[in-house]
Amino acid sequence: MVLMKSADFAASSDKKETFNFSDIAAEARALIAQAQKKRDQMIADAQVLIEQSRKDGFEEGKKAGHQEGFAQGQKEGHEQAFAEAQVKYQKQTDQTHTMLNEILQNFEQIKNSASLAG
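If you're wondering where the values come from, they're calculated on a predicted model, not measured in any experiment.

1. Quick look at the overall build of the chain
Assigned secondary structure in the chain consists of 2 helices and 0 strands. Of the roughly 11,300 Å² of accessible surface on the chain, a fraction of 59% belongs to carbon and sulfur atoms.

Next up, the structure:
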């Protein structure tokens, strides 16, 4: 295919084909519009994916934080309860020891009184 000036085109006896640039321009505009539509859809899909990823990340972080906080609170609670139980046990042991010593002293006094009377 040869491109000719319009004066040469009219004078030429060769088989002629007309070339319409407006058809090409319309086709180019349609391709550009299609590409823009595809771009917009890709952006919208990416935004949906980003939002879903953000939500998933938030939920995973929230769940992990809850589990970690629960485990830490449980551990600290057990440690505190154990420490309190040790203090209570020691106090009760001391009271029992004191009470047993008083019983022994009373028994010694009764035994001594009985041996003096007898």
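Still to come is the rest of the account.
2. Here we look at the pattern of salt bridges
In total, this model carries 3 salt bridges according to the counting rule given. Between glutamate 51 and arginine 54 there is a salt bridge, and its shortest N-O distance comes to 2.7 Å. You can see glutamate 51 and its partner arginine 54 sitting in helix H2 (residues 21-117), 3 residues apart, about one turn around the helix. The exposure class assigned to glutamate 51 is partly exposed, which follows from its relative accessible area of 33%. Accessibility expressed as a relative area gives 49% for arginine 54, which makes it partly exposed. Where lysine 75 meets glutamate 79, a salt bridge forms, and the shortest distance between an N and an O atom there is 3.8 Å. Remark: glutamate 79 and lysine 75 occur in helix H2; sequence separation between them is 4 residues, near one turn of the helix. The class for lysine 75 is exposed, based on a relative accessible area of 54%.

3. Some details on a nonpolar patch on the surface
A cluster of nonpolar side chains, Met99, Leu100 and Ile103, forms an exposed patch at the surface whose accessible area comes to about 300 Å². Looking at the secondary structure, you find methionine 99 in helix H2.

Thresholds, definitions, all that
- Residues numbered from 1 in each chain as written.
- Predicted model: local features only at pLDDT ≥ 70, side-chain atom pairs only at ≥ 80, totals over all residues.
- Heavy atoms only, no water.
- Helix = DSSP H or I, 4+ residues; strand = E, 2+ residues; numbered from the N terminus.
- Areas by Shrake-Rupley, 256 points an atom, 1.4 Å probe, with all protein chains shown as cover.
- Salt bridge = Lys/Arg side-chain N within 4 Å of Asp/Glu carboxyl O.
- Buried < 20%, exposed > 50% of the residue type's maximum accessible area, 1.4 Å probe, protein only.
- Patch = residues over 30% accessible without salt bridge, like charges linked within 9 Å, V, L, I, M, F, W, Y side chains within 5 Å.

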